[in-house]
Amino acid sequence: MNPQQQRVVSVIVNGREYTGTVPTRKTLADFLRQDLRLTGTHVGCEHGVCGACTVLLDGQPVRACLLLAVQAHGARLETVEGLAAADGTLHPLQQAFQQCHALQCGFCTPGLLMTLKAFLQENPAPTAEEVREAIAGHLCRCTGYLHIIAAALQAAAQLRGERA
Amino acid sequence: MKPPRFDYYDPHSLDEALALLARYGPEAKVLAGGQSLMPLLNMRLVAPAALVDLNRLPDLAYVRVTPAGLALGALARQRQVERAEAVVQGWPLLAAALRYVGYPQIRTRGTVGGSLAHADPAAELPAVMLALEARLVLSSQRGRRTLPAAAFFLAPLTTALAPDELLCEVQLPPLPPRTGHSFQEVSRVWGAFALVGAAALVTLDDAGRCQQARLALTGVGPVPQRASAVEAALAGEPLDAERLRQAAALVEQDLNPESDVHASAAYRRHLARVLAQRTLQAAWRRAQEAQKA
Amino acid sequence: MSHRYIGASVVRREDPRLLTGRGRFVDDLELPGMLHMAVCRSPYAHARLRAVHLEAARQSEGVVAAWSYADIADISRPFPMFLSHPALKAKMYEALARDVVRYAGEPVAVVAAQDRYLAEDALQRIVVDYEPLPAVASLAQALAPGAPCVHPDVPDNVAAHFAQSVGDVAQAFAGADYVHELELRMQRGCGHPIETRAAVAQYDPFEETLTLWATIQAPHRMRRALAALLDLPPQRVRVIAPDVGGGFGPKAQLHPEYVLVALLALRLRRPVKYTEDRLEHFLATSQEREQLHRVQVAFNRDGTLVGLRDTMYIDVGAYTPAGVITPLITQTTIPGTYRLPHLHLETYVTFSNRVPMTVVRGAGRSQAVFVMNRVVDHVARTLNLDPAEVRLRNFIPREAFPYDVGLLYRDGKPMIYDSGDYTACLHKALEIFDYPAMRREQEAARRQGRYVGLGMATFVEGGGLGPYEGAVVRVEPGSGRVVVHSGAGTQGQGHETVLAQIAAEVLDVDLAQVEVRTGDTAGLAHGMGTFGSRVAVLGGNAVYVAAQQVRAKALRLAASLLQVPPEEVGWENGRAFVKREPARGYHLGELAHVADIGMGFGMAAPHPEWEPALEATHYFKAERATYASGVHLVAVEVDVETGQVRVLRYVVVDDCGRVLNPLLMRGQVLGGVCQGISEVLYEELVYDEEGQLLTGTFMDYHLPTAMEMPAVEVDHVETPSPLNPLGSKGAGESGTIPAQAALVSAIEDALAPLGVRLYEFPLGPRRLWELIQQARSA
Ligand SMILES: Cc1cc2nc3c(=O)[nH]c(=O)nc-3n(C[C@H](O)[C@H](O)[C@H](O)COP(=O)(O)OP(=O)(O)OC[C@H]3O[C@@H](n4cnc5c(N)ncnc54)[C@H](O)[C@@H]3O)c2cc1C
Ligand code: FES
Ligand code: FES
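Residues numbered from 1 in each chain as written. Chains lettered and ligands numbered in written order. Predicted model: local features only at pLDDT ≥ 70, side-chain atom pairs only at ≥ 80, totals over all residues. Heavy atoms only, no water.

A.B. asks: How should the interface of chain C and chain A be read in this particular structure?
C.D. replies: Frequently, the measure chosen for interface size is the accessible area that the parts lose on association. Chain C puts 55 residues into the contact, and the matching count from chain A is 45 residues. A combined buried area of about 4200 Å² lies between chain C and chain A, and 60% of that area is made up of carbon and sulfur atoms. Among the residues of chain C in contact with chain A, C:Leu19, C:Tyr117 and C:Ile194 are the three that bury the most area, contributing 19% of the side total. Between C:Asp27 and A:Arg33 there is a salt bridge; the shortest N-O distance is 2.7 Å. Looking at the side of chain C that touches chain A, the elements with two or more residues in it are helix H1 (15–19), helix H4 (116–123) and helix H18 (662–681) of chain C. Sorting elements by how many residues they give to the side of chain C that touches chain A places H18(C) first, with ten residues. (Contact = heavy atoms within 4.5 Å. Buried area = accessible area lost by both parts, 1.4 Å probe. Salt bridge = Lys/Arg side-chain N within 4 Å of Asp/Glu carboxyl O. Helix = DSSP H or I, 4+ residues; strand = E, 2+ residues; numbered from the N terminus.)

So, in C-alpha cells, the structure goes:
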C-alpha cells in the first residue's frame, strides 16, 4: 500500500467509531456515503456551493465534498443520521421542518439540518435575518426557503424551552 | 467530478512541509482550507503530482496581537479571524469583509492565507490586505522573506510565491485612532464572489480633517488595486459628502477592468465609482463617531 | 364521515424518512458488483467525429468496458419521440453520437469502471479526433441568412412552423385606435434540481428482467422507451423512481445516459450506476425558456384590446426530444386572462447547436404570460391608465365560463377554460396589497429620489393534461390496510400524503391506515408521469374514483354478508354496519378477507354477487385540460446606481380549483415564485459564439439563496373545476408562471421616471444598468 495514495482512516461519526482504508483522493462525502453507507449526507454540486453535503466536523459545519476523507482522520463527525435521539424521537429541528413544511424533495434537507444544529447552538435566539444568513450557504430549489426560516425559528423557540 | 490521483502528504512540521515543497517544486500543491483547491481538483482543472496538506501542522492556526499589530498564521481560518475579538476591535475592516467571503461553512475551513495565495481577482481579502497595508511572510528552505501586500499579487491566480514557498504569516499594522472603515460589494447573489468590491479606511485628524484615506478595490482588474488618485485628493482635506463624491469619481483613472460574462468593463468601472463613494462615505461617518467617542 | 382530510393542511408522511437521512435516492443504492459509468462528452458544439480511440481507456485501472458508437451500432437507433407533430421535422439523438456531434456535452463514448474515480481517470485517456464544424450558437444565428445548418436536411434550421388564428385580425387592426409593435425576448435557463440525474440499472438473468432505478418524473414512459430501444418486452422492464430530489421538467425527459446505463447492465451482466455531476448537468441536461416574440397589438383609446398578432421564434437546440410541446404551450397561453377576439399566432421552431430544449417548471407558459402582460402594461403606459384598470377592462368575465378561446391546446383539444374568476382574483390581490396605499408610498418614495415600482401579472395555466393517469386502491385482507399505487412519481410535491388524504377520506379511515406507493411500473400497468401540473388533477381523481369503487364494492359485500339490502348498510370509520343495528357490521379488513377467501367455510354459502379482491384500478381520463389562474403583485426598489433590485412585497392570489392540502400548496407556490424571481434577477445561461457554455458552474450560474428570497403573501380564490369530481386544477407551476412578468412589470414601473422600458429577461444588474444608461442618454 502506497501511503500517499491509500490510507487507513478512523473517524467517529455520530458517536460511533469507523475505520476504513481509502484512496487519499476520496472525498469525505464519498467516504461517508459509499464506505460507511451513511447516505443521508447528499452530494449536489461537488464544488462547495449547494450545501447538500454539509456535516459537522468537530462541531462546525463544513462541506464534505471539499474535504478529503484522510483529512477527517481522528475527527468527530456528525451527520443527519445522528440528529434524532437514540429512541427515534425527532430533534426539534426535524419536528419543526415537518410542521412547517420546510422540505419538499428533501434532498437539501440533511445539510440544512446540520448547519442549523450548529447555528442554534451558537445563537439560540436568532432573528429571521440571522437565520437567512446562516442558511445562505444552502441551495434549495423546491421550497423558496421561507418555510425553512420559519422552521428554524420554531425549533429555536422549542430548544429554548418556549412553547412554539 | 472526482479528484485525479495524487500523492498525499500531511507533514507534521513546517520543516517537513518545506522539504516536500522543495522536492516537488511546481508539481506540488499546498492544501490549506481546500475551499478553492478542492473544487479545482474535483473538476480536474488541476492535477498536481503531490498534495501537501498543511492541516496537521501544529501552531499555525493563530490569531495573535503583537507589538507590531496583528499576526495571522497560515492556518488561521476565515471564520476564526472574523470572530476574533482582537480583529473585531482593532481591524474591523477585515471582519466586515470576511462576512462577504462565501458562507459560514466555507469560512469554517477556508484560511485567510489560502485566499491570498489563491489570488482570485474578484476575492475580497486581497483588496482588504492592500487597504490594511498587510505584510506577508513567505518561507521556504531557502529562507524567509516579507513582502508588502502590494507586491504580492502579480496576476489573476498568480502571486509572488515561488513554488517551494509557503505563505506563513500575515501581519497587519495597527490602525491609527479616529479611523473608520467600510467594506461593500456588488455581487450576483449573497456569498458569491464580488463583481466589484471596495474597502475604505478614513482617518481624521484632531480638527476633523482627513488625515489619510485608503481605498482598495477588487474585481476591477487582474489584481486588487489601491485608488491612489482618490486617496491623494482626500489627504489633508476637510470632508463633506460632495468632496467624497468628487474624489470617488477619480477612481476610474486608476482602473482598467475587463469585460466578462458577469460584467462589462464599463459597468465595473461605474460600480467602482459608486462603491468608492459609498464606502468612503460610510468610513467617514464611522471615523466621525470614533472621534466623538 | 369522521375522517375529513381533503382540503386539510396535513403534514407530510414522507418527511420522517427524509429528515433522518433514510430517504431513498437513486445514488444511495449500492448493489453487489456494481460498476460506475462515466460519459465522454464532446467539447465542440458541432463537429464531425473522425475517430474515437478507446484502447488506452480500456487498459486503464478498474475499467470493465469502454464503448463508442461502433460498440453499440448493432442495437442503436434514434430515440422514440414522446409526442410528434405533423409540422415538425423531428430529429432524435442516439445513445452515443454516430458521426456528428451537435452540442457541446453530447455523449461520444462511455466507460464502466469499478468506481467513478477510476471511470473518470479512463475518460481522460480517451482520444477523439474531431473535425470542428461551424456552429449555430443562438436563436438569432439560427435564423441568419447563410447560417450553418445543424441538420443537413433542414437547410434553414427551421424545425417547425405552424400558426393558429381566431377572428379576423386584419379587420380588427384596421379599425383600432392604435396598433403598436413590440419585440420581447427571454434567455435560456435550466431546472437545476439539487439532486442531479442518476440511474442504476440491473439485469437479472434468472427473472430475465431489467430494472432501472432512476431519478425521473415519468417511469412508465421511460419503460416504454427502454423496452423499444433495447428490444425487450415491456413486461420485462421495470422502472422505479424512488425519492426524487426535485424534477422541474428535465427529469421527465429521456436522456441518452439512461439508455447507456441500461445497455451496459444488460451486456455486462452487472449492475451499473450513473450519477451525473453538476458540470454534466449544466452541459447535458435539457433546458428551456429562450424565445423571441414580435408582437403587434391593436387597442382602443379606452384600453380595450382588439387584436393581437404574435410571431414567435423558439429554439429547441440540437434535437427534438420533447417535440413541439413547449412551443405549442407558449403559443396557446398567449391570450391568458384576456378577451382577445382577434388573434393570429405564428410559431417558428429553430435548431441550434446547443443541448436540447424541453421543459422547465412552467414549460413555455412563463414566456407567454410575460409577452401578454408586457403588452398590457405597454397599453396602460401608452394611454396613461392604471395597469390594474386596463386588466380589469379586458378580463374574460366570470359569466363567460366555460370560455372557448378558439385555439387548440397542446393536448389537441379545444382550449376551453373550465372555470375562473379573474376579476375576483385581481381584486383580492389588490386588497391584500392595499394597492392605493402602495401607490401613495411609491409617490412618497419618488419624491425622495427612490425608485420604487409596483407591478402585476395575471395568468392562466392549462394543466391537468391528459391523456390519463391511473391508480390502484387495494385493501389488505385482515389488517385492512389500504395500499394505493399511483402511476405518477413524486419529486417533493407530497403525493404520498395528498393521495393518502383522498383515499382515507373516501374510505373514511385513519390516514395512518393508508400507504401510498408511487413511481414504480410494477405497481400499476400504465401511467404517464408527473409534469404539466397534472398529478393533483389526474392522479388525485384516479385515486378518488378507485377508492369510491372499493368502498362501493365493500358495501355490496357487507350487504350480502349481513343479509340486508345495500341501502340499509351504513359506512363509518372504515366499517360497514346495519344502520338500524350498528353493532352488526364488518371492518374493511374483514371484508377484504371475505373478498379474498370467498364466503362459505362455515359462513353463509357463497353469494351469487360475491366479488373477489377488495381492490379497484381506475384510469382517470382528462376530458380536457383544467385552467388554473391567478395574479402576482410585486413591489420593488431599484438601486439605479448599481442596477440591483430589491423585492419589497410579493402577493400571490391564485385559483387552482379545490385545494387538496393548503400547506403543501403554499409550499409549491413559494418554490415557484423563488424560481421565477431568480430567472429575472440571478440565473443567466450564457453561450459564446461557438456554442460553449460560459456559465457552467454554480459559481457562475447563480441560484438564489435565502438572502435573496422576499417574504410572500399567498391567498386563494376557489372556482372548482367542473371537469373532475375533486374540482381540482393543476398547481405545481402557478408560482413560477407569472413571476417573471410581474417582477419585470414592477421594475419597469420603478424606472418609469427614467423612461426605461423592459421587454426582456433576465435583467441582472449589469443589463439593467445598461438599460438605465441608455434611457438616460436618450
Ligand atoms: C462556495 C464557495 C464560495 C466562495 N466564495 C468566496 C468569496 O465570495 N470570496 C472569496 O474571496 N473567496 C470565496 N471562496 C473561496 C474561499 O475563500 C477559499 O477559502 C479561499 O479562496 C482559499 O483558501 P483556502 O484556505 O481554502 O485555500 P486552498 O483552497 O487550500 O488553496 C487555495 C490555493 O492557495 C494555495 N495555498 C493555500 N494556502 C497556502 C499557503 N499557506 N502558502 C502557499 N500557498 C497556499 C493552494 O496551493 C491553492 O493553490 C469561496 C469558496 C467556495 C467553495
Ligand atoms: S455537494 Fe458539497 S456543497 Fe454541493
Ligand atoms: S427540498 Fe428540494 S431542494 Fe430543498
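A.B. asks: It is not clear to me how the pattern of salt bridges should be interpreted in this structure. Could you clarify?
C.D. replies: Side chains that differ in charge, positive against negative, can pair when their charged atoms come close. Residue and element names in this part refer to chain C. Under the defined criterion, the tally for this structure stands at 88 salt bridges over all chains. The closest approach of N and O atoms between Arg 12 and Asp 15, which form a salt bridge, is 2.8 Å. In this pair, the class of Arg 12 matches that of Asp 15, namely buried. Measuring nitrogen to oxygen at the nearest pair gives 3.6 Å for the salt bridge that ties Asp 749 to Arg 381. Of this pair, Asp 749 sits in helix H19 (residues 739–750) while Arg 381 sits in helix H11 (residues 365–383), and the two are 368 residues apart along the sequence. (Buried < 20%, exposed > 50% of the residue type's maximum accessible area, 1.4 Å probe, protein only.)

A.B. asks: Looking at this structure, how should I read the packing of aromatic side chains?
C.D. replies: Aromatic rings considered in pairs are described by the distance between their centres and by the relative angle of their planes. Using the criterion set out here, one finds 23 aromatic pairs over all chains in the structure. Taking 5.1 Å as the distance between ring centres and 85° as the angle between the ring planes, the aromatic pair formed by B:Phe152 and B:Phe153 counts as edge-to-face. With a relative accessible area of 0%, B:Phe152 lands in the buried category. Take B:Phe153: its relative accessible area is 8%, and that puts it in the buried class. Ring centres 4.9 Å apart and planes at 50° place the aromatic pair C:Tyr417 and C:Tyr627 in the tilted group. With a gap of 210 residues between them, C:Tyr417 in strand S17 (residues 414–417) and C:Tyr627 in strand S26 (residues 626–639) connect regions that are remote in the sequence. The rings of C:Tyr338, C:Phe395, C:Phe401, C:Tyr403, C:Tyr409, C:Tyr417, C:Tyr422 and C:Tyr627 are connected pair by pair, giving a single aromatic cluster. Positioned above the aromatic ring of B:Tyr62, the side-chain terminus of B:Arg64 is 3.9 Å from the ring centre. A cation sits over an aromatic face here: C:Arg309 above C:Phe173, 4.6 Å from the ring centre. (Phe/Tyr/Trp six-rings, centres within 6.5 Å; stacked < 30°, edge-to-face > 60°. Lys NZ or Arg CZ within 6 Å of the ring centre and 35° of its normal.)

A.B. asks: How should the site of ligand 1 be read in this particular structure?
C.D. replies: Ligand 1 sits among 36 residues. The nearest are B:Val30, B:Gly34, B:Ser36, B:Thr111 and B:Glu124. More than one chain lines the surroundings of ligand 1; the residues nearby belong to chains A, B and C. The side chain of B:Lys29 places a nitrogen or oxygen atom 3.3 Å from an oxygen atom of ligand 1. Notes on ligand 1: free accessible area 960 Å², of which the protein chains cover 96%. If you list the elements that add at least two residues to the shell around ligand 1, you get strand S2 (28–31), helix H7 (112–118) and strand S10 (166–172) of chain B. In terms of residue class, the shell around ligand 1 is made up of 20 nonpolar, 14 polar and two charged. (Near = heavy atom within 4 Å. Polar contact = N/O pair within 3.5 Å; in protein donor to acceptor, adjacent residues only side chain to side chain. Areas by Shrake-Rupley, 256 points an atom, 1.4 Å probe, with all protein chains shown as cover. Nonpolar A, V, L, I, M, F, W, Y, C, P; charged D, E, K, R; others polar.)

A.B. asks: Before we go on, may I ask you to explain the interface of chain A and chain B in this structure?
C.D. replies: Residue-level contacts link 35 residues of chain A with 33 residues of chain B. Roughly 2800 Å² is buried in total at the junction of chain A and chain B, and carbon and sulfur atoms are behind 49% of that figure. On the chain A side of the contact with chain B, A:Arg25, A:Leu66 and A:Glu133 bury the most area, a combined 24% of that side's loss. Applying the counting criterion to the chain A and chain B interface returns five salt bridges.

A.B. asks: How should unusual backbone geometry be read in this particular structure?
C.D. replies: Negative phi characterises most residues that are not glycine, and trans characterises most peptide bonds. All names here are of chain C. The omega torsion of the bond from Phe 401 to Pro 402 falls at -5°, within 30 degrees of zero and hence cis. Among the structural elements, Pro 402 can be located in the loop between helix H12 (387–394) and strand S16 (403–408). The amide bond that connects Phe 761 to the next residue, Pro 762, takes the cis arrangement and shows omega of 5°. Tracing the sequence through the fold places Pro 762 in the loop between strand S29 (760–761) and helix H20 (765–777).

A.B. asks: What is the right way to read the sheet that holds strand S3 (residues 63–68) of chain C from this model?
C.D. replies: By way of backbone hydrogen bonds, the strands of a sheet pair with one another, either parallel or antiparallel. Residues and elements named next belong to chain C. With respect to topology, seven strands assemble into an open sheet ordered S3-S5-S1-S12-S9-S10-S11, the strand pairing being mixed. The open sheet has two free edges, formed respectively by S3 and strand S11 (237–240), since each of these has just one partner strand. Neighbour-to-neighbour, the strand axes of the sheet open up by a mean angle of 20°, direction not taken into account. Pairing geometry for strand S1 (residues 35–41) and strand S5 (residues 107–113), over six bridges, is antiparallel. Across the sheet, the residue bridging to Ala 38 is Val 111, located in S5. (Pairing = 2+ DSSP bridges. Axes fitted to C-alpha atoms, helices over the stretch in contact; angles between N-to-C directions.)

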